[in-house]
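Close look at the chain arrangement
The lines below spell out each chain.
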Amino acid sequence: MEGRQNGPTEKRRRHPPIQGPTNPMVTPLLTDLYQYTMAYAYWKAGKHNERAVFDLFFRKSPFSGEYTVFAGLEECIRFIANYKLTEEEISFIRDTLPNKCEEGFVDYLRKVDCSDVEVYSVPEGSIVFPRVPLLRVEGPIAVVQLLETTLVNLVNYASLVATNAARHRIVVGKSKILLEFGLRRAQGPDGGIGASKYCYIGGFDATSNVLAGRLFGIPLRGTHSHAFVSSFMSLDEIIDKSLQSSDGSTVFEDFVSLVQTWLNKIQWSSSLSGTHGETNQSELAAFTSYALAFPSNFLALVDTYDALRSGVPNFCAVALALRELGYKAVGIRLDSGDLSYLSSEARKFFQAIEKEFKVPGFGKMNITASNDLNEETLDHLNKQGHEVDAFGIGTYLVTCYSQAALGCVFKLVEINNQPRIKLSEDVSKVSIPCKKRCFRLYGKEGYPLVDLMIGENELPPKVSQRILCRHPFIESKRAYVVPQRVEELLKCYWSGSSDKARLELPPLKDIRARCMEQLEQMRPDHMRRLNPTPYKVSVSAKLYDFIHCLWLNEAPVGELQ
């Protein structure tokens, strides 16, 4: 018998098939055991097909900030669209459950898919805020519970690292290039691949991760390491010294001698005299060899021995030799030392070269900096002043060093059309019940003012119509808002076998573009590093009253003896 496929109706087959998750380990077994124990208990009680609604959200924005970049939706939909247990997986579950489960439950697992599930989501790449659902998942309660852990896992790190990337983008500004160099320090292969993808969404321009470039089409950047430089001993090691001109018209037989000629010119220049002594010749050999291999993409790591006394002048000699043959060098990379001072001095040297040898544009040579950079060091560099054009960032970015997790949660808010609430002595952990619609209300200056949640059957807010927005739990916090623009946040991305229209998953570059656009839309005081202004998340007056009525009904009444 053929296995059942999600979205079985002919009408829905106009949608292109959705590929499986990027990581093959994302299977129905990538979950917590209690999801299967609950599924079995639901099945035993005859509740497994009851229609439930769950919200996936977080309670506090990361990195002491007031915003989060939502990421991970595509992988969630890929997982849901291809959800199906294999016979081997079912056998493992049967043997793993605490008590030997009945064969009827095993037969049930064989039929489980997501054809009766619907997923509504904020578009990936959006700026989002605490308590507002990122995903609303509707379907048979047992099936949706089986999805819970995986969905939280796929959203948690993705949103955390995308937010970290966006914070770095905001610090450096729009004009600087950001390069993700974190693969070797990431938490395993999946952490490395995910970091490359979601840092790109959050505003990074390229990655060093070759596999991420292949999988996602992210631009790749990279040059050479200190090992390449120190592996050379002298210019005599270069066997093939010839280099064809950029237009292919001639072949220069001894590029090495041309480099040496330019180095001599630099050393004997009156305007550059006293800036350095003898340079390291093994470093010069390495630079020359690399330029012979990549004449159109020559970028040199200049701090293996001494950045200003050797690396920069050696680079300039090779760059000027390349220019004579019609090539344009890319620039240098600094990986240690005082980046503010070194970049400024390197810029002065480039400008002096441009003036001395009449080389237009040489003074604007690209300077890339790396060396365990993070958001704080970038902020300090801005205050100190620097001449860096691009930043290569790794460890602190991909490991989210300053915060381990976003803390997403997945809460039942309705079952069989009956709203449910989760109570706690800690008010921040009280859930907001019922199936909700969520809107972003914009003010007259074009900035978002507030995110508003309303009950599913309430009339939505309208432009120029005054609406009371209330804090979900603090009675005195309330305000009237007259929105100039209203945006509904939750959109359908998976409709199962129903005829409901759903949005297609956008390409990665469009998700990145949305993130950049959203960062621009936000009021600057919400986005600043220190003491950002909290963004308002509210509920309608009707939903506020309902929350507190349900709270009183569900909370047990104590008795004093």
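First things first, this report covers the structure right here in the doc. (Residues numbered from 1 in each chain as written. Predicted model: local features only at pLDDT ≥ 70, side-chain atom pairs only at ≥ 80, totals over all residues. Heavy atoms only, no water.)

**Here we look at the pattern of salt bridges**
Across all of its chains, the model carries 35 salt bridges by this definition. Here Asp525 makes a salt bridge to Arg523, at a shortest N to O gap of 2.7 Å. Its relative accessible area of 28% is what places Arg523 among the partly exposed residues. Overlapping salt bridges bring together Arg167, Glu375, Asp379, Lys383 and Arg529 as one network. (Salt bridge = Lys/Arg side-chain N within 4 Å of Asp/Glu carboxyl O. Buried < 20%, exposed > 50% of the residue type's maximum accessible area, 1.4 Å probe, protein only.)

**Section: the packing of aromatic side chains**
For any pair of aromatic rings, geometry is given as the distance between the ring centres together with the angle between the planes. For the structure on display, the rule yields 17 aromatic pairs. Over the ring of Tyr442 we find Arg485, and its NZ or CZ is 3.8 Å from the ring centre. (Phe/Tyr/Trp six-rings, centres within 6.5 Å; stacked < 30°, edge-to-face > 60°. Lys NZ or Arg CZ within 6 Å of the ring centre and 35° of its normal.)

**A look at the sheet that holds strand 7 (residues 206–207)**
The strand order 7-6-13-12-11-10 describes an open sheet built from six strands, whose pairing is parallel. Two strands in the sheet have a free side with no partner beyond their single neighbour: strand 7 and strand 10 (299–301). Across four bridges, strand 11 (residues 331–334) lies against strand 12 (residues 366–369) in parallel orientation. When the bridges of strand 12 are listed, Gly331 appears paired with Asn366. (Pairing = 2+ DSSP bridges. Helix = DSSP H or I, 4+ residues; strand = E, 2+ residues; numbered from the N terminus.)

**What about the side chain of Ser245?**
With respect to the secondary-structure elements, Ser245 resides in the loop between strand 8 (243–244) and strand 9 (251–252). Engagement of the side chain of Ser245 in a polar contact is seen with the side chain of Asp247, the distance being 2.7 Å. The contacts of Ser245, once residues within four sequence positions are left out, are Thr250, Leu325 and Tyr327. (Polar contact = N/O pair within 3.5 Å; in protein donor to acceptor, adjacent residues only side chain to side chain. Contact = heavy atoms within 4.5 Å.)

**Description of the sheet that holds strand 14 (residues 408–415)**
The strand order across the open sheet built from six strands is 15-14-1-5-3-21, with neighbouring strands paired in antiparallel fashion. Of all the strands in the sheet, just strand 15 (418–419) and strand 21 (491–494) have a single pairing partner and so form its edges. Pairing of strand 3 (residues 118–121) with strand 5 (residues 135–140) involves four bridges; the strand directions are antiparallel. Bridge pairing links Tyr120 to Arg136 in strand 5.

**Some points on the nonpolar core**
Core analysis: the biggest nonpolar cluster contains 163 residues, and Phe255, Phe298, Phe315, Phe350 and Phe391 have the highest contact counts within it. Counting residues per element, this core draws most heavily on helix 5 (residues 141–172), at 18 residues. Every residue in contact with Phe298, bar those within four places of it in the chain, is listed here: Phe287, Tyr290, Ala291, Phe315, Val318, Ala319, Leu322, Ala329, Val330 and Gly331. Judged by nonpolar contacts, the second largest core, of eight residues, contains Phe439, Leu452, Ile454 and Cys469. (Core = buried A, V, L, I, M, F, W, Y, C linked by side-chain atoms within 4.5 Å.)

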